[in-house]
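# Observations on the three-dimensional arrangement
This is what each chain is made of:
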Amino acid sequence: MIGKLTGRIEYRALDHVLIDVRGVGYLVYCSERTLAGLPAVGEVAAVYTDLLVREDLMQLFGFTTLAEKEWHRLLTSVQGVGAKASLAILGALGPDGVGRAIALGDWNAVKVAKGVGPKIAQRVVLDLKDKAPSMMAMGGTVAEALGDQDAEVIEAPIKRKAPAPAPNASAQSEALSALSNLGYGPGDAAGAVAQAAGEAPDAETPSLIRAALKLLAPRE
């Protein structure tokens, strides 16, 4: 299994790049969002990868974070969602947006992805709603895009452009943990944190916890 590639981008296409790794070229298919975050042709990039193997096909899909890769794996586990639809959803929303939409049950947000109809969008939300809390909790530890490390290639290494991390992923993870410790169920906590984070993307952990608690408070 090929889990990660580091090499020089030889060329770009609309939905994939060719990455030269020590003289071997790999075609890597990516979402629009991921492609936009990769460096220019001739520069070094590193991507986490997922390999699709079928009788008539082998394809590599690339992601700038482990969270994005894991969401791709979960999305493609939903009946009717193939790799193309998964990349469209991740390209439209990003991994943080996917988690927020699913936690809130907002299938209309998923439906904005190209080629994803309402039935598939609803199925994604229903099938993965129980997975959203654990994925959001992981966000603080798996959002390490590529950092500032130098890529190891045959030529002199080049600093690669690191994509922006998901907004307040660590704060969401910490807020979820705090709400769980207070006795709130994973689904309720994830929904409240997702809504609070959507309303204040730059909120730090204490503010996110307070906002989520207000949303969870019983209404008169």
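The structure under discussion appears in the preceding block.
Below, the structure is looked at part by part. On a predicted model such as this, the values are computed, not experimentally measured, just so you know.

### Quick notes on the overall build of the chain
- Along the backbone of the chain there are nine helices and five strands.
- Written out in order from the N terminus, the α and β elements of the chain read β-β-β-α-β-β-α-α-α-α-α-α-α-α.
- Burial analysis of the chain (220 residues in total) assigns 45% to the buried set.
- Partitioning the contacts of the chain with sequence separation of at least 6, the portion at a separation of at least 24 is 58%.

### Some remarks on the pattern of salt bridges
- The full count for this structure, using the stated rule, is three salt bridges.
- The closest approach of N and O atoms between D56 and R54, which form a salt bridge, is 3.6 Å.
- One salt bridge connects R73 with E70, and the closest N-O pair in it is separated by 2.5 Å. Taken together, the residues span about one helical turn, with R73 and E70 both in helix α2 (residues 66–75) at a distance of three residues.
- Exposure remark for E70: the relative accessible area of 22% places this residue in the partly exposed category.

### Some details on the nonpolar core
- Of all hydrophobic cores here, the largest spans 44 residues; its most connected members are I89, V110 and V124.
- Top contributing element to this core by residue count: helix α3 (residues 83–104), with 10 residues.
- Those residues within four positions of V110 in sequence are excluded, and the remaining contacts are I89, L93, A101, V116, A121, V124 and V125.
- L5, I9, V17 and L38 belong to the second-largest nonpolar core, a separate cluster that totals 12 residues.

### Quick word on the environment of E68
- Structurally, E68 can be placed in helix α2.
- Relative accessible area serves as the criterion here: at 4%, E68 is assigned to the buried category.
- Along the chain, E68 and T34 lie 34 residues apart, while their C-alpha atoms are 9.4 Å from each other.
- Beyond its immediate stretch of four places on either side in the chain, E68 contacts S31, T34, F63, L90 and P95.
- In terms of polar contacts, E68 uses its side chain to reach the side chain of T34, at 2.6 Å.

### A word on the pairing of strand β4 (residues 44–54)
- Examined bridge by bridge, strand β1 (residues 4–12) and β4 share five bridges and lie antiparallel to one another. Along β4, the bridge assignment pairs R8 with V44.
- Relative to strand β5 (residues 57–63), β4 runs antiparallel, the two sharing seven bridges. Of the residues in β5, the one forming a bridge with L51 is L60.
- Here β4 folds back onto β5, and the loop between the two strands holds two residues.

### A word on helix α7 (residues 169–181)
- In this model, α7 (13 residues) spans 19 Å end to end at C-alpha, consistent with the 18 Å of a helix rising 1.5 Å per residue.
- Taken together, the buried positions of α7 are A169, A171, Q172, S173, A175, L176 and L179.
- Count one or two residues on from α7 and you reach G183, which has phi positive near 100°.

### Structural notes on the pairing of strand β3 (residues 24–29)
- Pairing between strand β2 (residues 16–21) and β3: six bridges, direction antiparallel. From the neighbouring strand, I19 faces β3, where its bridge partner is Y26.
- Counting the residues that bridge the hairpin from β2 to β3 gives two residues, and of these R22 lies at a positive phi of roughly 50°.
- As paired elements, β3 and β5 share two bridges and run parallel to each other. Across the sheet, Y29 pairs through a bridge with F61, a residue of β5.

### A look at unusual backbone geometry
- Although it is not a glycine, R22 adopts a positive phi angle of roughly 50°.
- Looking at where R22 falls in the secondary structure, it is placed in the loop between β2 and β3.

Cut-offs and rules
Residues numbered from 1 in each chain as written. Predicted model: local features only at pLDDT ≥ 70, side-chain atom pairs only at ≥ 80, totals over all residues. Heavy atoms only, no water. Helix = DSSP H or I, 4+ residues; strand = E, 2+ residues; numbered from the N terminus. Buried < 20%, exposed > 50% of the residue type's maximum accessible area, 1.4 Å probe, protein only. Contact = heavy atoms within 4.5 Å. Salt bridge = Lys/Arg side-chain N within 4 Å of Asp/Glu carboxyl O. Core = buried A, V, L, I, M, F, W, Y, C linked by side-chain atoms within 4.5 Å. Polar contact = N/O pair within 3.5 Å; in protein donor to acceptor, adjacent residues only side chain to side chain. Pairing = 2+ DSSP bridges. Expected span 1.5 Å × (residues − 1).

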